[in-house]
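Here is what each chain is made of, one letter per residue.
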Amino acid sequence: MDLSILISMKFEMALTLIIFILLFLKIDGRAGNQFFFRITNLLLVLSLGLYFLPARYGQFFSGMFRTSPLLEFEKVVLLMATIIISLSSYHWLKNFNHVAEFYMMILSSLLGMFFMMSSDNLLMFYLGLELSSIPVAALCNFDLDKKISSEAAMKMILSSAFSSAILLFGVSLIYGTTGSLDYYVLSRAVVGTPLQIMAFILIFSGFAFKLSVVPFHLWTADVYEGSPVAVTAFLSVVSKGAMAFVFITTLYWVFGNLGGTWYYMLAILAVVTMIIGNLFALRQSNLKRFFAFSSIAQVGYLLIGISGFVKASLSIGSVVYFVLIYVFSNLAAFGVISVISALTGKETIEDYKGLYRSNPTLALLMALALFSLAGIPPTAGFFGKLFLLTAGSSTGAWPLIIIASLNLIISLYYYLRIVRAMFIDESSEPLAKISLSFSEMAAFLLCAGGILSIGFMKGLFEVIFNISGGL
Amino acid sequence: MEVTLNHILFLSTALFFIGVYGFLTRRNVITMLMAIELLLNSVNINFIAFNKYLYADKLDGVFFTLFLIAIAAAEAAVAIAIIINIYRNYKSIDVDDVDTLKW
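Anyway, here's the lowdown on the structure attached to this text. In this text, all values refer to a predicted model and were calculated from it rather than measured experimentally. (Residues numbered from 1 in each chain as written. Chains lettered and ligands numbered in written order. Predicted model: local features only at pLDDT ≥ 70, side-chain atom pairs only at ≥ 80, totals over all residues. Heavy atoms only, no water.)

## A short note on empty space enclosed by the protein
Residues and elements named next belong to chain A.
And step 1. Within the structure shown, the criterion is met by eight cavities of 30 Å³ or more.
And step 2. Taken as a whole, the largest cavity holds about 180 Å³ of empty space.
And step 3. Ser-133, Met-156, Lys-210, Trp-219 and Ser-239 are the residues nearest the centre of the largest cavity, which is lined by 18 residues in total.
And step 4. Contributions of two or more residues to the lining of the largest cavity are made by helix 6 (99-118), helix 7 (122-140), helix 8 (147-178), helix 10 (194-211), helix 11 (218-226) and helix 12 (229-254).
And step 5. For the lining of the largest cavity, a count of residues per class yields 10 nonpolar, six polar and two charged.
And step 6. One number sums up the size of the second largest cavity: a volume of about 80 Å³.
And step 7. If you trace the second largest cavity, you find it lined by Val-237, Lys-240, Gly-241, Ser-295, Gln-298, Val-299, Leu-302, Phe-322, Val-323 and Tyr-326.
And step 8. Going through the elements one at a time, helix 12, helix 14 (287-307) and helix 15 (312-344) are the ones with two or more residues in the lining of the second largest cavity.
And step 9. Sorting elements by how many residues they give to the lining of the second largest cavity places helix 14 first, with four residues.
And step 10. Taken together, the residues of the lining of the second largest cavity sort by class into six nonpolar, three polar and one charged. (1 Å grid on protein atoms, 1.4 Å probe; cavity = no way out; pocket = protein on both sides within 12 Å on 5 of 7 lines; lining within 4 Å. Points joined across faces, edges and corners; volume = space filled by probe spheres on them. Helix = DSSP H or I, 4+ residues; strand = E, 2+ residues; numbered from the N terminus. Nonpolar A, V, L, I, M, F, W, Y, C, P; charged D, E, K, R; others polar.)

Here it is as structure tokens:
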């Protein structure tokens, strides 16, 4: 038997192994929360090191699985994001009854995303998609005694099932017109007959649902607000990042012949998404809900990057680069929210008034994250947005770029509103001083380092753009 | 009368839109779940019909259907667990009552 296939599936193997270890430890029943927390994070950090093992690229299992340097890099980004989420939710997990289940669910979902990104076949893609979305619906319900948590889970499972049913109907029509599910065959056989375009629109809507593109975004805010903070962070960063990676591969490769069709869909949806996301973010008072709309607006910028299909490798590179930066900036913000919410239960902007007086570290980190999300120059967020807009401008669509820039200015207002609340406003009952655990400090240092340094790391940037030539 | 591919596609499309209509109009969560099963089964019929009438030399469509049935069951299992929890918290499974989160 050819064992070198195992090397190409190293991340998937490692995650499966960790899930099984957790399962057996849970059945054994003697391990406590601290132990689960430590062993999972240790194993996850070790599996990050697999990136440096010699790799074997190519297609395996007749197109069901594929690896490339770009895919390996994307997997490392998502794995790292999961580790940061897990580290920064220490205070929530410490007193939580179902830590092992939490990790099993979140890692199954990550495993599904890996298979989804690596597939070269619509069947495997669909299996990965469901493996990545069903556990997340269960995770949303993990605050078992909170009403809003179960409401969020219901909205998540119903809308995700509905959207994948729509996507599947499109897949069945594509199968009917081409007779194959393999990406390579599809990329030649999809030529733009009316039935294929209808099927494409159905598949596109399914993707838009998962990416929460306006007008398919209505589930986002409710699910984000009701779920535990760690799950919200996972949904808004890891799940969205994986979807963005798959979306761009599918559009550029499988539906490459329909470029003329989807370019206009992307352009219009990008404009609507940015504007609606920004306008609704203006009026939010709950921070999780606020970040839901902020992430919708960020997806709008992402769509502009994807729409620049003239220079494919620039587009793909800028999307991967943006997601990498988005991981650090958004997770820094969610880390702060997670710590404060776990210790005090407070989640509104009102509660954050005067945060700088009592907790200067948390306030500074939050401000850094918000600057990066708004795209202010020394932080990495600026460079991410710069490359996305450069990629988008390759088609010569200047109105699109101008609308995006105007939206960046609007977004500055609401991001700075939180900074103002933290630094300038006085509060009658400020939050108490919070002492951070070692794991949270590590996660925060990683995020802050990422936000400050990624924009200036020329080597990293060149690596990403070199590997994105090969999809 | 011979049954052609068009007849079956008409059936599956009708089933799909009945499912969409049910999902959008029903207020009981269990019924909405049943509507989603209708959607998935219309997709199953599509796959089987295309496979039998157009591409009978390979079994891609049949295999997709097998996986789809299994996944639909998994989805329903998680959904029903969530619905039980909804019932515990709200004493109702009507979506109009489950409306804490708004705007």
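## Some words on the interface of chain A and chain B
And step 1. At the junction of the two partners, chain A supplies 46 residues and chain B supplies 40 residues.
And step 2. Interface area for chain A against chain B, summed over the two sides, is near 3800 Å², with a carbon-plus-sulfur share of 75%.
And step 3. For the chain A face of the interface with chain B, the top three residues by lost area are Phe-162, Phe-169 and Tyr-175 of chain A, together amounting to 18%.
And step 4. The tally of links from chain A across to chain B stands at zero salt bridges.
And step 5. Remark: the boundary between chain A and chain B carries 10 residue pairs in polar contact (both at pLDDT 80 or more).
And step 6. Counting residues per element, the ones that place at least two in the side of chain A that touches chain B are helix 7, helix 8 and helix 11 of chain A.
And step 7. Element by element, the count of residues in the side of chain A that touches chain B is highest for helix 8 of chain A, at 25 residues.
And step 8. Taken together, the residues of the side of chain A that touches chain B sort by class into 24 nonpolar, 12 polar and 10 charged. (Contact = heavy atoms within 4.5 Å. Buried area = accessible area lost by both parts, 1.4 Å probe. Salt bridge = Lys/Arg side-chain N within 4 Å of Asp/Glu carboxyl O. Polar contact = N/O pair within 3.5 Å; in protein donor to acceptor, adjacent residues only side chain to side chain.)

Geometric descriptors of this kind do not, in isolation, establish any biological role.
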